[in-house]
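Structural overview
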12 protein chains.
Amino acid sequence: MAKPIYILNGPNLNLLGAREPEIYGSQTLADIEKLSATRAQAGGFSAVFRQTNREGELVEWIHEAREKGSAVVINAAAYTHTSVALHDALKAVDLPVIEVHLSNIHRRESFRHHSFISAAADGVIVGLGAHGYELAVDAAIALAKSRTKAP
Amino acid sequence: MAKPIYILNGPNLNLLGAREPEIYGSQTLADIEKLSATRAQAGGFSAVFRQTNREGELVEWIHEAREKGSAVVINAAAYTHTSVALHDALKAVDLPVIEVHLSNIHRRESFRHHSFISAAADGVIVGLGAHGYELAVDAAIALAKSRTKAP
Amino acid sequence: MAKPIYILNGPNLNLLGAREPEIYGSQTLADIEKLSATRAQAGGFSAVFRQTNREGELVEWIHEAREKGSAVVINAAAYTHTSVALHDALKAVDLPVIEVHLSNIHRRESFRHHSFISAAADGVIVGLGAHGYELAVDAAIALAKSRTKAP
Amino acid sequence: MAKPIYILNGPNLNLLGAREPEIYGSQTLADIEKLSATRAQAGGFSAVFRQTNREGELVEWIHEAREKGSAVVINAAAYTHTSVALHDALKAVDLPVIEVHLSNIHRRESFRHHSFISAAADGVIVGLGAHGYELAVDAAIALAKSRTKAP
Amino acid sequence: MAKPIYILNGPNLNLLGAREPEIYGSQTLADIEKLSATRAQAGGFSAVFRQTNREGELVEWIHEAREKGSAVVINAAAYTHTSVALHDALKAVDLPVIEVHLSNIHRRESFRHHSFISAAADGVIVGLGAHGYELAVDAAIALAKSRTKAP
Amino acid sequence: MAKPIYILNGPNLNLLGAREPEIYGSQTLADIEKLSATRAQAGGFSAVFRQTNREGELVEWIHEAREKGSAVVINAAAYTHTSVALHDALKAVDLPVIEVHLSNIHRRESFRHHSFISAAADGVIVGLGAHGYELAVDAAIALAKSRTKAP
Amino acid sequence: MAKPIYILNGPNLNLLGAREPEIYGSQTLADIEKLSATRAQAGGFSAVFRQTNREGELVEWIHEAREKGSAVVINAAAYTHTSVALHDALKAVDLPVIEVHLSNIHRRESFRHHSFISAAADGVIVGLGAHGYELAVDAAIALAKSRTKAP
Amino acid sequence: MAKPIYILNGPNLNLLGAREPEIYGSQTLADIEKLSATRAQAGGFSAVFRQTNREGELVEWIHEAREKGSAVVINAAAYTHTSVALHDALKAVDLPVIEVHLSNIHRRESFRHHSFISAAADGVIVGLGAHGYELAVDAAIALAKSRTKAP
Amino acid sequence: MAKPIYILNGPNLNLLGAREPEIYGSQTLADIEKLSATRAQAGGFSAVFRQTNREGELVEWIHEAREKGSAVVINAAAYTHTSVALHDALKAVDLPVIEVHLSNIHRRESFRHHSFISAAADGVIVGLGAHGYELAVDAAIALAKSRTKAP
Amino acid sequence: MAKPIYILNGPNLNLLGAREPEIYGSQTLADIEKLSATRAQAGGFSAVFRQTNREGELVEWIHEAREKGSAVVINAAAYTHTSVALHDALKAVDLPVIEVHLSNIHRRESFRHHSFISAAADGVIVGLGAHGYELAVDAAIALAKSRTKAP
Amino acid sequence: MAKPIYILNGPNLNLLGAREPEIYGSQTLADIEKLSATRAQAGGFSAVFRQTNREGELVEWIHEAREKGSAVVINAAAYTHTSVALHDALKAVDLPVIEVHLSNIHRRESFRHHSFISAAADGVIVGLGAHGYELAVDAAIALAKSRTKAP
Amino acid sequence: MAKPIYILNGPNLNLLGAREPEIYGSQTLADIEKLSATRAQAGGFSAVFRQTNREGELVEWIHEAREKGSAVVINAAAYTHTSVALHDALKAVDLPVIEVHLSNIHRRESFRHHSFISAAADGVIVGLGAHGYELAVDAAIALAKSRTKAP
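Residues numbered from 1 in each chain as written. Chains lettered and ligands numbered in written order. Predicted model: local features only at pLDDT ≥ 70, side-chain atom pairs only at ≥ 80, totals over all residues. Heavy atoms only, no water.

We now examine the overall build of chain A. Across its full length, chain A carries five helices and five strands. The 151 residues of chain A split such that 66% are buried. Considering only residue pairs separated by 6 or more positions, chain A has 79% of its internal contacts joining residues 24 or more positions apart. For chain A, the accessible surface area stands at approximately 5,100 Å², while carbon and sulfur atoms represent 52% of it. The average position of the 15 basic charges and that of the 16 acidic charges among the side chains of chain A differ by 4 Å. (Helix = DSSP H or I, 4+ residues; strand = E, 2+ residues; numbered from the N terminus. Buried < 20%, exposed > 50% of the residue type's maximum accessible area, 1.4 Å probe, protein only. Contact = heavy atoms within 4.5 Å. Areas by Shrake-Rupley, 256 points an atom, 1.4 Å probe, with all protein chains shown as cover. Lys, Arg positive; Asp, Glu negative; His and termini not counted. Charge placed at Lys NZ, Arg CZ, Asp CG, Glu CD.)

Moving on: the environment of Glu55 of chain D. Tracing the backbone shows Glu55 of chain D in helix α3 (residues 55-68). For Glu55 of chain D, a relative accessible area of 9% corresponds to the buried category. Discounting residues that sit within four places of it in the chain, Glu55 of chain D has contacts with Tyr79, Ser83, Ala85 and Leu86 of chain D, Glu55 and Tyr79 of chain E together with Glu55 of chain I.

All right, on to the packing of aromatic side chains then. Under the definition given, this model contains 24 aromatic pairs over all chains. Relative to Phe116 of chain G, the ring of Phe111 of chain B lies with its centre 5.3 Å away and its plane at 80°, an arrangement referred to as edge-to-face. One end of the pair, Phe111 of chain B, is in the loop between β4 (97-101) and β5 (123-126); the other, Phe116 of chain G, is in the loop between β4 (97-101) and β5 (123-126), on a second chain. Residue Phe116 of chain G is classed as buried on the basis of its relative accessible area of 14%. A ring pair is formed by Phe49 of chain F and Tyr133 of chain F, whose centres lie 6.4 Å apart and whose planes are at 40°; its orientation type is tilted. Of the two residues, Phe49 of chain F is situated in strand β2 (residues 47-51) and Tyr133 of chain F in helix α5 (residues 129-146); the sequence distance between them amounts to 84 residues. Tyr133 of chain F shares its class with Phe49 of chain F; the two are buried. Taking the ring centre of Trp61 of chain B as reference, the NZ or CZ of Arg50 of chain B above it sits at 5.2 Å. (Phe/Tyr/Trp six-rings, centres within 6.5 Å; stacked < 30°, edge-to-face > 60°. Lys NZ or Arg CZ within 6 Å of the ring centre and 35° of its normal.)

Right, let's talk about the sheet that holds strand β2 (residues 47-51) of chain L for a bit. An order of β2(I)-β1(I)-β3(I)-β4(I)-β5(I)-β5(L)-β4(L)-β3(L)-β1(L)-β2(L) is seen for the ten strands of this open sheet, with the pairing classed as mixed. Because the sheet does not close on itself, it has two edges, and the strands there are β2 (47-51) of chain I together with β2 of chain L. Across the sheet, the mean angle from the axis of one strand to that of its neighbour is 15°, orientation sign disregarded. As paired strands, strand β4 (residues 97-101) of chain I and strand β5 (residues 123-126) of chain I are joined by four bridges and run parallel to one another. When the bridges of β5 of chain I are listed, His101 of chain I appears paired with Val126 of chain I. Where helix α5 (residues 129-146) of chain L meets the sheet, its contacts fall on β5 of chain I together with β1 (5-9), β2, β3 (71-75), β4 (97-101) and β5 (123-126) of chain L, and the angle it forms with β4 of chain L comes to roughly 175°. (Pairing = 2+ DSSP bridges. Axes fitted to C-alpha atoms, helices over the stretch in contact; angles between N-to-C directions.)

This brings us to the relation of the copies chain J and chain K. Each copy superposes on the other: chain J lies on chain K with an RMSD of 0.0 Å after a rotation of 120° and an axial shift of 0.0 Å. Considering both components of the superposition, the chain copies are consistent with a three-fold axis. Rotation axis and chain J: the residue whose C-alpha lies nearest the axis is Thr82 of chain J, separated from it by 4.2 Å. Looking at the interface residues of chain J, only 17% of them are also at the interface in chain K, so each copy uses its own face. (Least-squares fit on C-alpha atoms with pLDDT ≥ 70 in both.)

Glancing now at the interface of chain B and chain A. Taken together, the contacts link 24 residues of chain B with 24 residues of chain A. For the pairing of chain B and chain A, the buried interface totals around 1,800 Å² over both sides, and the portion due to carbon and sulfur atoms is 53%. Applying the counting rule to chain B against chain A returns ten residue pairs in polar contact (both at pLDDT 80 or more). Taken together, the elements giving at least two residues each to the side of chain B that touches chain A come down to β5 and α5 (129-146) of chain B. Looking at the side of chain B that touches chain A, the element that brings in the most residues is α5 of chain B, giving six residues. Split by residue class, the side of chain B that touches chain A holds 14 nonpolar, six polar and four charged. Bridging between strand β5 (residues 123-126) of chain A and β5 of chain B involves three bridges; their strand directions are antiparallel. When the bridges of β5 of chain B are listed, Val126 of chain A appears paired with Val124 of chain B. (Buried area = accessible area lost by both parts, 1.4 Å probe. Polar contact = N/O pair within 3.5 Å; in protein donor to acceptor, adjacent residues only side chain to side chain. Nonpolar A, V, L, I, M, F, W, Y, C, P; charged D, E, K, R; others polar.)

Here we come to the packing of helix α2 (residues 29-42) of chain E against helix α5 (residues 129-146) of chain E. Residues and elements named next belong to chain E. Between α2 and α5, the shortest axis-to-axis distance is 9 Å and the interhelical angle comes to 30°. Between α2 and α5, the crossing angle belongs to the class labelled roughly parallel. In this structure, the crossing between α2 and α5 has a hand that is right-handed. Touching Ile32, Leu35, Ser36, Arg39 and Ala40 of α2 are Ala130, Tyr133, Glu134, Leu135, Val137, Asp138 and Ile141, all from α5. A breakdown of the residues in the contact of α2 with α5 according to their chemical character gives eight nonpolar, one polar and three charged. (Parallel < 35°, antiparallel > 145°, perpendicular 65-115°, else oblique. Left-handed = near helix turned anticlockwise from the far one by under 90°.)

This part takes up unusual backbone geometry. Residue and element names in this part refer to chain B. With phi around 50°, Ala77 is a residue other than glycine that occupies positive phi space. Within the secondary structure, Ala77 is located in the loop between β3 (71-75) and α4 (84-91). What makes Ala77 buried here is its relative accessible area of 14%.

Looking at the secondary structure, you find His106 of chain D in the loop between β4 (97-101) and β5 (123-126). The exposure class of His106 of chain D is buried, given its relative accessible area of 18%. Excluding residues within four positions of it along the chain, His106 of chain D makes contact with Ser118, Ala119 and Val124 of chain C together with His113 and Val126 of chain D.

Each side of the interface is counted separately: chain J has 18 residues, and chain K has 17 residues. Interface area, chain J with chain K, both sides summed: about 1,400 Å², of which 53% is carbon and sulfur. The interface formed by chain J and chain K includes two salt bridges. The closest approach of N and O atoms between Arg112 of chain J and Asp88 of chain K, which form a salt bridge, is 2.8 Å. For the side of chain J that touches chain K, the residue count by class is seven nonpolar, five polar and six charged. (Salt bridge = Lys/Arg side-chain N within 4 Å of Asp/Glu carboxyl O.)

As a further point, take the relation of the copies chain B and chain A. Expressed as a screw transformation, the operator carrying chain B onto chain A has a rotation angle of 180° and an axial translation of 0.0 Å, and the superposed copies differ by an RMSD of 0.0 Å. Viewed as a symmetry operation, the transformation between the two copies matches a two-fold axis. Every residue of chain B has its C-alpha some distance from the rotation axis, and the shortest such distance is that of Ile125 of chain B, at 2.3 Å. A shared binding surface is used by both copies, with 100% of the interface residues of chain B retained as interface residues in chain A.

Interpretation in functional terms is not warranted from these geometric data alone.
This is the structure in structure tokens:
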């Protein structure tokens, strides 16, 4: 059976739905988990869906995905902009990697315009809310199936 | 009947398939047009698919879409990084706008890391090749249906 | 008889009145054309009033004004901030050049703070809406009459 | 009766006519005062016309204009480029503010390209010599009459 | 008897209560003077409370405080961001120096993020409105009593 | 009964009193805890006082304070200068937030001059040693009582 | 028979001889065309010599040269400094590319010091006036004959 | 008996040998541990050798080394470039500190060129692979024996 | 009889001898006045020696020197680094201008490395304490005698 | 008889043919000397061809050329990017100066993008290998014959 | 017999022991030569140990080492930060290259933080005084023996 | 007898009088040598006056002055702006150091605004032509007599 899609979420995303809904929308992370799992199953994959506020734990989950997953979908939230550790972890992963952001980070503060994740990802999907996760899962599955990760 | 999705393509994309295939893939723009049209139809929309090497013509097509379209999907190619005129045209459009790029611009030269389009778009999809257009059409349709453009 | 004042308008200004009225006001370009023509006539000049979304066409109209005009009033809109070609065209013009902007570009995004037009213009009028065109025409006429272009 | 237009001039402008005439022209500040007063009267206003070399005095005159004036026309000269105090004073003024410069500051040293005044002004008129004051008075009066200060 | 605490206020603070109350609050400078004096007396000190719009006068009051005061509390307002002269004057003062700002300058325009005062002060209190003056007086008194100025 | 004031301390502050006393003073964190608790009680509040070397744990304590606290006083130490995650966590908190630093960070290395915390805080108190915590508690209580958090 | 050398000229070069002769010399573009054609014939090639003020047209002529030419000599004039579209078009050309400028752009304004063309060209010839075109044609022919384009 | 040398390793180093071997070599961290221990023993010291992906844990291990170690050898990996917390922890350590990197970080991406560790270390050894750890242990022992830490 | 040498001193120099003597030396401004006057007399000139803490007053003294002096020696102190107004005033002076600084500003904080005075002065003398004034007077006299001001 | 063309070569060019041939080609400096001499003779000039690794020696050869030469062709190699001394020496030369580089420096590391030579040269020829020297000699001769050095 | 290790020293290192001993230590260059030779012999190599104050001579010694040496150890001192010529010379050397510095350059002035040598070296050893030379010799020998130079 | 004053001159100064006289004046270096020697003798010192185009030779002359001189007067010309080696050599000199420049470098190209010499000198004299050498000799002698070199 196919290995699962790892969908990893970074700091403060546990507050989703409650925190600044005018930016992040009113759906909770549990809602997004459901949407993502459904989408993965439609593509013939299961999903591992997790959230943590700790950079080191994200690094370790990426290591785990490296062994046990088919692809990584990651919303690193605030760590997107500051974490070389995540960049390095993802560079070590020989699987499709899709970066996703709920809000359009390019319309926000300038410190959100640079991502350390992007240069280690295959694709990036930004600004489409919860629906962005569904598209990211689609993209991850398409790449996993073609087994071609961009060099 | 629903107004069409405008899918607009910028300079040099007419060479797709022939130009630097290690970066842009081997599919031609005609291939992508077909994929996009199919995807739009699956969502209940028709597609207007165009390419031009001229910045001013892109501006005018955006004006046209503003009147006659349901949404805009745009791959402004090189103009992404230099055109305030496209930024302004898209800001004047009260429709969903999805920016798409075939390659992962964040892995390339630094002058490709900034986009004047992003801050005028709802969503951005990067690095997923021709498949990215399909996801962009999906996203455009979803937004068009919910009639909610991010402020 | 005196050669006309050329009043040249750049990209997206055809949308005036409809596009972001909280920034650009509710008057249309046709309204501004009327105001400008009236003002020119009051000063004893006719006006050539044009708009284009194409940088190259603006360049060529400046070349035309060089032969057939008494002065140039230019609102290059978005090209203000990106066009060396317009800078060079205006430097080649041995006539009074007045730059005009409807909105106060210094209160907006930082990429609107620099103008390639200013260093090739005699005078600059910013932030006064349609009335700014009238003042620009006044200034152009005054300079044309004194036949003294700043070096 | 209408409150007067305050026309405030910054450091070294008392030397006008004598100082670097190739940049600033040969008219004196007294000449400009006369032109400005005449223009104001044509619009139905009186003018208060002053010059000082002291930043703090300019701040206080702006405070005075806030109580007793209809609009402010200001050529802050060198303080244009260095004074946050003037910026703050003008932000506190609920009247039309027009910034004016005799020379085209965009053609001069790079430290003259940024103005702390512009972001606190409604309009800016640059490079038109003494005539620029006349246009600034026109603009100030037009705005004062429409009682609409840009937000 | 103990020498007084000097509480010095910079440009435009005389407008307090009237100027941009959404940023600076509705209390007047007279209100703050009363709060500060009360707080100083509670700590066993009198207060000298002054405001000026002139950089040079602030410099001279600091020189005066150097001779006749126990400590300096200073809200240099706009001069905070531009005055090396105040920095130098405060460096020459062998007394406790507390910098205070009514609004949170770090949430405002980027030109307000740097302070020439901070590197010459012992402590900095920002964003707490009129209450910030009370805390600043407390801090100044505590330092004055311990007679230990940070090196 | 009133919810407690959360007083959160970041990395290396457990070494206080031992580490670089010429910068941070000779008081230990336990001393500061006592001072803070006393001050809180004087204002009618209890205090939750914690220290961690882990960014993620600080994020989670802020989430806890969001539910169970009246206000947050935070000395994020080194994370002040690098953590977008803390910025985001504090932005999601609808309570008074006071940032505090023992030393005057503006007199130290340039990488300590920028704080990601400040733009998410109501007030900032810098350079006043252990006494700064007391003032921060005062400020937090004053804001909590007025129930008005700056927008 | 050998395919021709394409010699492409950008905006404002149609004014050559008339525009700022102290910078660009007194020869007209027709003069340069003649010199270039003669030089090409001496090397056994014909020449296609064109000028346009439009960025998009230059892009398309490069595409044409890609099919029908032996080499490209390009003076992109103002677009040199702003056009990623020309950079991309030239990168897609598998022929020798020689960039040429009449004036020494390194002695002029700083915005003329960077060229988007250079990184997509094999060779660059600057500051030698009309004679530079002759050398560029020589270089293009030499490279076309050796059929070795630098990688 | 002498206290041990602490050899601390940062994020992703657990993947050594598997991750990007063209950059990091084919030796595993266990191999390096053995080499380091042998080297330490040759110098008369034992070694504590650890790896973690968590910044906070590295901070705490440095605190532990401060009490229980003779010297610190640290390869902070990705945290090298982003962690002020590690800088502060090392500054608080009154022992020899040697920074080590397997690859030559100066030949890689520009974000790897700055190290927050270097300014808190006595010595730095870069680019020598596993052998670099042996030299770092030698250096740490030499400094520990001379008991002279650079100020 | 020859017009006097104006020797103008900026903010905080009245504290000389008392303020930070390790930087500025132990001589008072009165000592320097005596040295300067003696030196001027030796060259056949009288000296006007003044100090002010006010930027505007310095501007006006320069205007006065323009009428009544033979040369200007100026130590603008803190205003050196921030005053465009002084730059402009000195540019308007058709007399020799010598800038002098007691301390070596190039060894101090980076904000003291740039001088707005230098580009408006003929000569600059830095770091030689009170003796620097004597040399500056010598230089001013030599230039005044040769009546050649550098262009 | 005509004075010779000086062809001066900077550091490491003695290794040509051996050093990084994928960048610099396989021809040796002796090969280039022969090509250059032949070309000079064809134009009626002799050639002085030299190489040194020493900046000072290059300066002195330029001084010599100033007296004894008709023109200078210079490939300053690494000193191109760091030597103000060469810039100054060439500015003092009243002869044609042509800068030449074997490789296309604009495609290489960013520290090779700026040249101190260019602003002191008449023309620049880049990226054309040994052939570039031949073109440079042609250009030098053409300029020497017309005796017009660009101002 | 094995070719020697070249140990090359740059400007001012002849003053070692006398010059700023608080930074560079009290050992002389002769002391370091002895330590290095001993270390090289222990590894089975001889050492060529030289010092010069001339950049060009360093370049030439590197060329010599290229022919006659087994490896290069280089302390380029001040030229480390300014010499592209040394960078290029070392890039042309197909031998192990170890950069060494006596002091920790990352703790000193910012102009010492960048090295043109590092990107052309295999390894870098910083801050370990004379002992650093011994480690550098060890590293050079280890690399020379394995005959593997990092690409 | 007193040791001599070393007066050291850098690259291209041998051309003085001939090179760009509008910048450097018409006096030759021999003229300046005579003026300087006379001035030194007046102060009771002899002078060693030298010029070289080689950075390394300047370094060595400074080393010589360190042993055999009373003070150093240095015009490093172009090396002023690029030489860390001269900075380091001068820092190692325990004698008065005066930097001198003939022209006012602050009025020239921006790359001449920074000096690596200034931070290693006691005093700096700029823009006073040959007379500046006389003042520099005076200053050197005064410092040498007081035997107090600034720290």
